[in-house]
Every structure is written in C-alpha cells, then in structure tokens.
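Coordinate analysis (summary)
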Amino acid sequence: MHSQGNTKMFRSYQSVLPATNKLLQMKWDQTYYKEHRRLVKEAQPMVDTRAPATYMHLHLKLKKLQLEEERLATIERDNRILLEKMSYIMRTRGRVDNRNNYEYKSLNREKRQRELLRVTKENQSILKRIMLRQPEYSAKKWQREWEENQSFLDNISHFPKDWWLEDRSKTPQPGVSRGGTLIDNNQSRSQKPTPVEDKPDDSPKDRPDDNPEN
C-alpha cells in the first residue's frame, strides 16, 4: 500500500515538460487546451457538405401555370361558342349548309395533258419497234437441230429408244398366264411339284467302248 505522501503526489498535476511551478503550469496548460477546443469548434470545413440552395423558380414554375391558364381559357371560350351555337339551333329550326359550288380549276392542266400525250406517243413508238423487231434466235432451227441430234443418238445407241417401256409391256403381269387365263395363286401354291425319275445318263463316257482292241 502507498503512503499518504505518495497518494498526494500521485493526485498532483503532472506536466509533460518539467516546470518550476506546477500550479502555474497547470493553469497555462488548461488555458491552451481551452483555446485549442475553441479553435477546433470554430474551424470551417474544407469541403462544403451543406444542402444546395433552394430556388423558388425551380419549384414554382410560373410560366407553366400561365400556359395552363391560357389553355383553360381557350377551352372555356370554345365551349361557350359551341354552347351558343347549340342554343341557337335549339331555338330555331337549324339548317346545315353543306353545299360547295366551287369548281376545281388547275393552272397547269393543259401542260399536263400535253405531257401525257407526248409520253403516250413515245410508248406507242417503242411498242411498235419492239413488235417489228425480228428475233435473233430461231425456235424452228433449234427444234430441227434437236431432232437431228436425237436421230444421231438413236443411231449410235446400243438399245432402241424407250426400250424399257416395250419390255414392260411384254412382261406378263402376276396372276395372268401368257394365254390370258387367270391363275389361282392358292391353287398353284397347294400343288406339289411332281418328282422327276432319275434316268441313266447315256453319255459317251459311261458307255463301254465298242472297240475290243482298247
């Protein structure tokens, strides 16, 4: 445990730098600290973080309100005029004037007609030249040359022309005999083939030689 004198020394002011009078040094330090706190409190920020200034002309658009009032006034005037017309029609018999006696008159009608006649004449002349033009290629000549080529092909071919169609016409159809009589497929299937007897082969190899010398 500490003694009473050590406790008093511990509670006394301890300056950072050595001082001859601790009481005066404590007052000076407190004064410097208060001045520092005041300067910190009154210091101005380097970055302005305050809200931007509010301008009334951005929130309250007087021009827009004026245009809206003018539009409403125009609508109101048109409605009043329409109402007066409807009331006049209701009071009187009311007539609708839908006649239009204006005749359409074109300032360049004659010019357009002349242009149309010129274009028509040019088209007719072009058509006449096309119709009188003789063809460069002769279809009859092509047909004659094709027939000649076909005749040459028939001469050098091994089989006659359309030979498969002729063979198909000669081939008998199933179920029909060559004489034209129908053959029953079930009967033909049920008939068994007749066995053929083995006959001795009278070939010259098996026959004995008539020559006694050999």
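A quick note: this is a predicted structure, and the numbers were derived from the prediction, not measured.

A few words now on the overall build of the chain. When helices and strands are counted, the chain shows eight helices and zero strands. Counting helices and strands in the order they occur from the N terminus, the chain gives α-α-α-α-α-α-α-α. Classification of the 214 residues of the chain by burial places 1% in the buried group.

Right, let's get into the pattern of salt bridges. Inspection of every chain in the model, using the stated rule, returns eight salt bridges. With a shortest N-O distance of 2.8 Å, glutamate 122 and arginine 118 are connected by a salt bridge. Of this pair, glutamate 122 and arginine 118 both sit in helix α5 (residues 109–132), four residues apart, which is roughly one turn of that helix. For glutamate 122, a relative accessible area of 39% translates into the label partly exposed. Salt bridges linked by common partners bring Glu35, Arg38 and Glu42 together as one network.

Along the chain, glutamine 25 falls in helix α2 (residues 22–41). Note on glutamine 25: relative accessible area 19%, which makes it buried.

On the surface, Met56, Leu60, Leu62 and Leu65 cluster together into a nonpolar patch covering about 430 Å² of accessible area. Tracing the backbone through its elements, the reader meets leucine 62 in helix α4 (residues 62–91).

Caution applies to low-pLDDT regions: their predicted coordinates should not be interpreted in detail. Per-residue pLDDT for the chain averages 79, and the proportion of residues at 70 or more is 72%. Predicted confidence for residues 202–208 stays below pLDDT 50, and this span has two contacts to residues more than four positions away or in other chains. Taken as a whole, residues 210–214 scores under 50 in pLDDT and shows zero contacts with residues more than four places along the chain or in a different chain.

A word on the environment of glutamine 150. Within the secondary structure, glutamine 150 sits in helix α6 (residues 139–156). On the basis of relative accessible area, glutamine 150 is assigned to the partly exposed category, the value being 23%.

Conventions adopted
- Residues numbered from 1 in each chain as written.
- Predicted model: local features only at pLDDT ≥ 70, side-chain atom pairs only at ≥ 80, totals over all residues.
- Heavy atoms only, no water.
- Helix = DSSP H or I, 4+ residues; strand = E, 2+ residues; numbered from the N terminus.
- Buried < 20%, exposed > 50% of the residue type's maximum accessible area, 1.4 Å probe, protein only.
- Salt bridge = Lys/Arg side-chain N within 4 Å of Asp/Glu carboxyl O.
- Patch = residues over 30% accessible without salt bridge, like charges linked within 9 Å, V, L, I, M, F, W, Y side chains within 5 Å.
- Areas by Shrake-Rupley, 256 points an atom, 1.4 Å probe, with all protein chains shown as cover.
- pLDDT = per-residue confidence, 0-100.
- Contact = heavy atoms within 4.5 Å.

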